[in-house]
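# Descriptive structure summary
Here is how the chains run, residue by residue.
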Amino acid sequence: MISILQWTTLAVCAIVAIARIPSALRGENRSLFGVFLLLTVAILLGIDASYVAIDSWLGSQNYTNLILRFVVYGTVLLAGYRIAKAFDARKSIRLIVGPAGRGVLSVIGIATLVLFLLADTAGTETGLRDLPARSPQNAALIESYAAAGRLYPSYVAACILPATCLAVGQRLPLAIRIGALLLTVAFAGMAFGSFFPLIPSEVGYVESIINFSSILCLALGLAFVWISSLMSKRTVRS
């Protein structure tokens, strides 16, 4: 099931990214193309087969996981800003790209890099889930690194959720309200990421389901908002 969800999400993001190429080349809404491109890269890095292949090429030290973390940060930053702007959520924009948002991203980014470099991550392992503990200190470093990686998406989700929830109940075109609902589900999943350590190890697969479902809802939500904007432009032209 997880494999089907992963490849379905990858296909959706890749198809939309490809569909956005002509508009991006014309200079139209390049940020949206950037979001789907980054989503595609993030999903590719999160799938076992591609993760193992890439990390083996990089030396089997799980550098791929570190790259994935920063790709996710960039994706969430760009998507959060783009969505906040689309819904005219000025407070959300300030919290994401203003001094507070830049400060949060800087601290989390530095913490992510430092914790990764301090930990012993030898041996390719997708998500670092089954990496040998080696020592209690190393296990604590890896857990702290994973926790830091969940913090920034949770922060942006908390900034965006009020705007998307509000849009669902407003008198807006149906496509935008559907998009807002999907985005609400996506960011709710990201916000829940901070509670992943509470999930019992026996059902650890739930984490992957939530992650990839959130990405899929994010991609579909953005697609619905994009479709609505295209329909509005055609209506104006006619």
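Small disclaimer: the values here were computed from a predicted structure and weren't measured.

The next thing to look at is the packing of helix α5 (residues 90-97) against helix α6 (residues 99-118). Where α5 meets α6, the axes come as close as 4 Å, and the angle between the chain directions of the two elements is 40 degrees. Here L95, I96 and V97 of α5 come into contact with α6, specifically with P99, A100, G101 and R102. Of the residues contributing to the contact of α5 with α6, the split by class is five nonpolar, one polar and one charged.

Right, let's get into the nonpolar core. The nonpolar side chains of a soluble globular protein tend to be buried, and buried together. Core analysis: the largest hydrophobic core is formed by 45 residues, its most contacted members being F187 and L218. Listing elements by their share of this core, those giving two or more residues are α1 (2-25), α2 (30-46), α4 (63-86), α5, α7 (136-168), α8 (174-192) and α9 (205-237). For this core, the element with the most residues is α9, which contributes nine residues. Apart from residues lying up to four places away in sequence, L218 is in contact with L39, A79, I83, L183, A186, F187 and M190. In terms of nonpolar packing, the next biggest core, distinct from the first, is built from ten residues, L115, F116, L128 and L131 among them.

We now examine a nonpolar patch on the surface. A surface patch of nonpolar side chains, about 310 Å² in accessible area, is lined by I18, I21 and L25. Positionally, I21 belongs in helix α1.

Okay, unusual backbone geometry next. One non-glycine residue with positive phi stands out, namely N29, at about 50 degrees. Tracing the backbone through its elements, the reader meets N29 in the loop between α1 and α2. Taking relative accessible area as the criterion, N29 reaches 28% and is therefore assigned partly exposed. The residue D88 is not glycine, and still its phi comes out positive at about 55 degrees. Secondary-structure assignment places D88 in the loop between α4 and α5.

Bringing the packing of α4 against α7 into the picture now. Axis separation between α4 and α7 bottoms out at 10 Å; the angle between their running directions is 10 degrees. When the interaxial angle is binned, α4 and α7 end up roughly parallel. Packed against α4, whose contacting residues are N65, L66, R69, V72, Y73, V76, L77, G80, I83 and A84, the element α7 presents Y145, A146, A148, G149, Y152, P153, V156, I160 and T164 at the interface. Taken together, the residues of the contact of α4 with α7 sort by class into 14 nonpolar, four polar and one charged.

Okay, the pattern of salt bridges next. Here the structure, examined in full by the defined rule, presents three salt bridges. Across the salt bridge formed by R26 and E28, the nearest N and O atoms sit 3.3 Å from each other. By relative accessible area, which is 53% here, R26 ends up exposed. Where R150 meets E143, a salt bridge forms, and the shortest distance between an N and an O atom there is 3.3 Å.

Moving on, we get to α8. With 19 residues, α8 should cover 27 Å at 1.5 Å per step; its first-to-last C-alpha distance of 27 Å lies within 8% of that length. Inspection of α8 places A175, I176, G179, A180, L182, L183, T184, A186, F187, G189 and M190 among the buried residues, and these make up the whole buried set.

Our next topic: the confidence of the model for the chain. The predicted coordinates of low-pLDDT regions are not to be read in fine detail. Counting all residues, the mean pLDDT for the chain is 90, and 96% of those residues have values of 70 or more. Ranking the elements of the chain by mean pLDDT puts α9 last with 80 and α6 first with 97.

What follows is about α6. With 20 residues, α6 should reach 28 Å at 1.5 Å per residue; the first-to-last C-alpha distance of 28 Å fits that figure. Buried within α6 we find G101, I108, G109, T112, L115 and F116. All buried residues of α6 fall inside an arc of 140 degrees around its axis, so they share one side. In α6, the exposed residues that point more than 90 degrees away from the buried face are P99, V107, I110, L117 and L118. Lining the buried residues of α6 we find α4, α5 and α7.

Conventions and cut-offs
- Residues numbered from 1 in each chain as written.
- Predicted model: local features only at pLDDT ≥ 70, side-chain atom pairs only at ≥ 80, totals over all residues.
- Heavy atoms only, no water.
- Axes fitted to C-alpha atoms, helices over the stretch in contact; angles between N-to-C directions.
- Helix = DSSP H or I, 4+ residues; strand = E, 2+ residues; numbered from the N terminus.
- Contact = heavy atoms within 4.5 Å.
- Nonpolar A, V, L, I, M, F, W, Y, C, P; charged D, E, K, R; others polar.
- Core = buried A, V, L, I, M, F, W, Y, C linked by side-chain atoms within 4.5 Å.
- Buried < 20%, exposed > 50% of the residue type's maximum accessible area, 1.4 Å probe, protein only.
- Patch = residues over 30% accessible without salt bridge, like charges linked within 9 Å, V, L, I, M, F, W, Y side chains within 5 Å.
- Areas by Shrake-Rupley, 256 points an atom, 1.4 Å probe, with all protein chains shown as cover.
- Salt bridge = Lys/Arg side-chain N within 4 Å of Asp/Glu carboxyl O.
- Parallel < 35°, antiparallel > 145°, perpendicular 65-115°, else oblique.
- Expected span 1.5 Å × (residues − 1).
- pLDDT = per-residue confidence, 0-100.
- Arc of directions from axis to C-beta.

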